[in-house]
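Survey of secondary and tertiary structure
So the chains spell out like this:
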Amino acid sequence: MGTRVIGDSLVPVEKNKFNRAYWLRFFLCSLLLLVTFEVGIRLFVVRNPRFEADAGFGGLVPRAGSTRLFGTEGFGVTSYFEHGEIATPYRDGVSVVVLGDSMTAAHQVPNDEKFVSIAEQGLRDEGAVVDLHNLGRPLQVISDIVYLAPSIIETYSPKVVIVQVSYSSFSLSLDSSMTNYYTLKDGPPPKLVHNSNSENLQMENIISSSGLLTMLQNRFYQIFVLSRLDRLAGREVDQFGRTRRGLVSDKQIVFLVRSVVSAYPDARIAFLVIPSSPEIRPGENSNISWNSTEDAELIGLISSVEGVEILHPLSGFQKLYEEQGILPRGFSDSAPNKGHLNKFGHQVIAKALVEFLLRILK
Amino acid sequence: MNFLSTQFWVLLISVLILTRLIRPVIHQKLILLAASCLFYAFWDWRFLGLLAVVTVVDYYVSVGMQGAHNEKTRKTLLAVSIASSLAILGFFKYFNFFTATFDSAASVLGVHLPELGILLPVGISFYTFESISYVMDVYHRKTEPAQSLLDYSVFIAFFPRLVAGPIMRAANFLPQLQHGIRLEPTGIIRGAQLFGQGLLKKIVVADTLALIVDQVYGSPWLYSSATVWLGVCSFAVQIYFDFSGYSDMALGIARILGFELPVNFNLPFTSQSFAEFWQRWHISLSTWLRDYLYFPLGGNQKGAWRTYFNLIVTMLLGGLWHGASWNFVLWGGLHGLALGLERAFTQDRPSKEWRISTSWFKALGIFLWVALTCVFFRSPSMEMAGQVFSKLAFIDPGGVVWFFYPAALYLLIVFIGGLLMRLKKIDLATMDYYQPYFFPVLAAEYLFIFLFATRNNSPFLYFQF
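Residues numbered from 1 in each chain as written. Chains lettered and ligands numbered in written order. Predicted model: local features only at pLDDT ≥ 70, side-chain atom pairs only at ≥ 80, totals over all residues. Heavy atoms only, no water.

Here we look at the confidence of the model for chain A
Low-pLDDT portions of the prediction should not be read for the details of their coordinates. Mean pLDDT over chain A: 85, with 85% of residues reaching 70 or higher. Across chain A, the secondary-structure element scoring lowest on mean pLDDT is strand E2 (residues 9-13) of chain A, at 54, and the one scoring highest is strand E9 (residues 130-134) of chain A, at 98. (pLDDT = per-residue confidence, 0-100. Helix = DSSP H or I, 4+ residues; strand = E, 2+ residues; numbered from the N terminus.)

So this is what it looks like as structure tokens:
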């Protein structure tokens, strides 16, 4: 407490509480909290790999040897080879490339629990020396896969190309803000045109260097981008913004499938359609339905293109539930039957992939 | 329009700006009333008239009681007011419940009672109870009538707590209204802190727990017994955080405007007895039931058996207040039974003092009782409740095993954190904001909310009442 002269009196006056010492301690507390957030997020929630520019493989890709940590839906550490390829156990053998979105990249599970890695090990166990290249990437769509073809063919010379798809792989190819390099322009005739959006590599590097900034970017994405998708699709989206049937026509789907076939002329093409979550109707009695008309429609359209094979391991998922009471999607920190595949779901997909590759590579 | 919507924040900021520009108290009251009406109209403008009817009837009844010298006249006016409030509440909330209940009996006589498509006005349970408490307090001369219809209208319609409480008492609020809206740094800071606390409780904790609760109560047959146990315990915590979170937000907004609302929750899961639980849970409702139902019935003044009866009736009606369904009545009845049995079998008043050896177990026991009775509260039907209980009893233990660890983590934090806060007498609401860590911690709280709030936000649970 200080004093001041007012008139003839000395009057006690409260010292200013917001003095230099206060602000110094305020700054230190703030710094400590920010550091705590950053460390906590990097240890438990999300950590990005180091990135490098690799134009032929999609601009900014994880550097060889770096790792990514993902902990908000499941918990997994993903490590990388060159060109943003997710590491698998082996690097020799008959070349098979697996392309797809976050289901294939599968950051929710560790490297050795991803279906590509399990399948590669499974093939080795059967005596088949096959090198599966996991080039899955979140939100990778058909038009991206077509764009990447020249670099993939030059680098890997694949005998087989497995393309993991859902409806959003096709519908988001129509949206220039969601694809990196090509956008589908509707006809006649439909064609893929170069996307004029360019990635801001500098900003991506800055954001990716910090767990906290990455989380903030993810939240803005959820709030603004996924909400926009919700509105576009009239709420016909799941919690990860995957759009449903209504946004892409049959003609567009067939055109995109044909584009993939044309882009990889020397390879066997197979489309992997991961079965949709079974419908569990709330109520007092057991009521679970595995049949999805949407999946059936998509499979029908893809199959209509000559020279394309289909992988759809629905029976494996059903067996997993009926025999073991396990649902193929969901994690302990999310919800059963929703979101990405858990390790059991990956095992089912891997088994189907092994059987398929053993058959066609004989 | 709820506290998390853009429209609400536009409304609140408009009120704050207007009250900085317009200083006369009477004009500020008009602004508050207009804002409250707009807030309510966004829910459903059709029921503004109902709010107006309740307000006008009670105000003029209170004026009439003040002016009447005849006790019979005062009693008549009181009866008119209470009857009108209960009639409105009874019609909108309970008509279909009673007709469905009595339909099975009436059908024997070949009569079928009609079921009407009646919409439940938002907040009706809260503002009718406030109006009843007002007229009863005026009748018993515990409070003076409101100085004007404007004052009373603002009391009834005060938007921060209009749709889900806390249930205010006129004696606490009307004197505060005389100074109008007071925007002071202390109030704004404390209000922001309370609001942030409520937001954290609601959209981080409660909405995360909703993920398992909705799944388990939607399809209990799908999940294992252990998963159902986790879901049942999670619901008890979810409803606490949802409702206390809303209350904190309401208190925070009121505080920003310069008004103090009553605290509605005080670490209820640290309670060591059923009686103490109801002194800490939904305090504004439990004190209302005590003052306007339990005490008029005789309280504990008319012998042991009458006390047990009064407790059970009070809690039965308290359950019915929550919803027009036998589930809620059963929930209330079970709590009444517990209170009665506790009174019957404990010689002295249960101690609230903390004893390391026994208090943890008592608190855990109370929590488990609350969680189990909440099965009736949450289940959409008695059949579903039965299925949940069969899982809890391990009669049908098979199913998908889902250890939703965020729920387990939050249960642990709530239980241990609450007990520690009680032991150490920590009250976040009185934290000294001159400490240099106060604002960084407040900012960190909001950052945590932004980063970790779930995307799938569920509506506030108590809006349905």
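Quick look at the domain arrangement of chain B
Residues and elements named next belong to chain B. Taken domain by domain, chain B consists of domain 1 (6-181) and domain 2 (186-272 + 351-464). Taking only C-alpha atoms into account, the centre of domain 1 sits 29 Å from that of domain 2. Counting from both sides, the interface comprises 25 residues of domain 1 and, opposite them, 18 residues of domain 2. The junction of domain 1 with domain 2 conceals about 1,800 Å² of combined surface from both sides, 77% of it contributed by carbon and sulfur atoms. Applying the counting criterion to the domain 1 and domain 2 interface returns zero salt bridges. Between the two partners, domain 1 and domain 2, sit two residue pairs in polar contact (both at pLDDT 80 or more). At the level of elements, helix H1 (6-21), helix H2 (25-44) and helix H7 (170-177) are the ones that each hand at least two residues to the side of domain 1 that touches domain 2. The greatest single-element share of the side of domain 1 that touches domain 2, amounting to five residues, is contributed by H1. (Domains from an automatic or database assignment. Contact = heavy atoms within 4.5 Å. Buried area = accessible area lost by both parts, 1.4 Å probe. Salt bridge = Lys/Arg side-chain N within 4 Å of Asp/Glu carboxyl O. Polar contact = N/O pair within 3.5 Å; in protein donor to acceptor, adjacent residues only side chain to side chain.)

Comments concerning the packing of aromatic side chains
Evaluation of the coordinates by the stated rule reveals 56 aromatic pairs over all chains. Look at Phe91 of chain B and Phe92 of chain B: their rings are 5.2 Å apart centre to centre, the planes differ by 85°, and that puts the pair in the edge-to-face class. Look at Tyr134 of chain B and Phe155 of chain B: their rings are 6.4 Å apart centre to centre, the planes differ by 50°, and that puts the pair in the tilted class. Highlighted residues: Tyr134 of chain B in helix H5 (residues 124-139) and Phe155 of chain B in helix H6 (residues 149-157), separated in sequence by 21 residues. The ring of Phe450 of chain B has Arg219 of chain A lying over it, and the distance from NZ or CZ to the ring centre is 5.9 Å. (Phe/Tyr/Trp six-rings, centres within 6.5 Å; stacked < 30°, edge-to-face > 60°. Lys NZ or Arg CZ within 6 Å of the ring centre and 35° of its normal.)

A short note on the packing of H5 of chain B against helix H11 (residues 283-297) of chain B
Residue and element names in this part refer to chain B. Running from amino to carboxyl end, H5 crosses H11 at an angle of 40°, the nearest separation of the two axes being 11 Å. Taken together, the axes of H5 and H11 are oblique relative to one another. Handedness of the H5/H11 crossing: left-handed. Contact residues: H5 offers Phe129, Ile132, Ser133, Met136 and Asp137, while H11 offers Leu285, Trp288, Leu289 and Tyr292. (Axes fitted to C-alpha atoms, helices over the stretch in contact; angles between N-to-C directions. Parallel < 35°, antiparallel > 145°, perpendicular 65-115°, else oblique. Left-handed = near helix turned anticlockwise from the far one by under 90°.)

Observations concerning the interface of chain A and chain B
Many descriptions give the size of an interface as the accessible area lost when the pieces come together. Counting from both sides, the interface comprises 43 residues of chain A and, opposite them, 34 residues of chain B. Both sides of the chain A and chain B interface together cover about 3,100 Å² of buried area, and 69% of this is carbon and sulfur. Put simply, chain A and chain B have zero salt bridges between them. Along the contact surface separating chain A from chain B lie six residue pairs in polar contact (both at pLDDT 80 or more). For the side of chain A that touches chain B, the elements supplying multiple residues, two or more each, are helix H1 (20-44) and helix H7 (211-232) of chain A. When residues in the side of chain A that touches chain B are grouped by element, the largest group, 10 residues, is from H7 of chain A. For the side of chain A that touches chain B, a count of residues per class yields 22 nonpolar, 12 polar and nine charged. (Nonpolar A, V, L, I, M, F, W, Y, C, P; charged D, E, K, R; others polar.)

Details of the confidence of the model for chain B
Residue and element names in this part refer to chain B. Averaged over every residue, the pLDDT of chain B is 87; residues scoring 70 or more account for 92%. Within chain B, the element-level pLDDT minimum falls on helix H4 (residues 71-108), averaging 84, and the maximum on helix H9 (residues 225-256), averaging 94. Here the prediction assigns the complex a pTM of 0.86, and the interface score ipTM is 0.81.

Let's talk about the side chain of Thr227 of chain B
Within the element layout of this structure, Thr227 of chain B appears in helix H9. Sequence-distant contacts of Thr227 of chain B, that is, excluding residues within four places in its chain, are made with Ile212, Val216, Val400, Val401 and Trp402 of chain B.

Describing the environment of Leu289 of chain B
Residues and elements named next belong to chain B. Tracing the backbone through its elements, the reader meets Leu289 in helix H11. Owing to a relative accessible area of 6%, Leu289 belongs among the buried residues under this scheme. Separated by 29 residues in sequence, Leu289 and Gly318 place their C-alpha atoms 7.2 Å apart. Excluding residues within four positions of it along the chain, Leu289 makes contact with Phe129, Tyr294, Thr314 and Gly318. (Buried < 20%, exposed > 50% of the residue type's maximum accessible area, 1.4 Å probe, protein only.)

Points about the nonpolar core
Judged by nonpolar contacts, the single largest core of 167 residues is most densely connected at Leu132, Ile162 and Leu357 of chain A together with Leu257 of chain B. When residues in this core are grouped by element, the largest group, 18 residues, is from H9 of chain B. Non-local contacts of Leu257 of chain B, meaning those with residues more than four positions away in its chain, are made with Leu12, Val15, Leu16, Leu32, Phe158, Phe159, Pro160, Ile181, Arg182 and Leu183 of chain B. Counting 36 residues, the second-largest nonpolar core is a separate cluster that includes Leu99, Val165, Ile302 and Val308 of chain A. (Core = buried A, V, L, I, M, F, W, Y, C linked by side-chain atoms within 4.5 Å.)

Points about the pairing of strand E8 (residues 94-99) of chain A
Residues and elements named next belong to chain A. Burial analysis of E8 places five of its six residues in the buried class, the great majority of the element. Bridge analysis of E8 against E9 gives five bridges, and the strand direction is parallel. Pairing of Val94 across the sheet is with Val130, part of E9. With four bridges connecting them, E8 and strand E10 (residues 160-165) associate as parallel partners. What sits directly across from Leu99, in E10, is Val163. (Pairing = 2+ DSSP bridges.)

Re the domain arrangement of chain A
Residue and element names in this part refer to chain A. Segmenting chain A into domains produces domain 1 (1-40) and domain 2 (45-360). Interface area for domain 1 against domain 2, summed over the two sides, is near 280 Å², with a carbon-plus-sulfur share of 51%. For the pair domain 1 and domain 2, the interface holds zero salt bridges. Scanning the region where domain 1 abuts domain 2 turns up three residue pairs in polar contact (both at pLDDT 80 or more). Split by residue class, the side of domain 1 that touches domain 2 holds two nonpolar, one polar and one charged.

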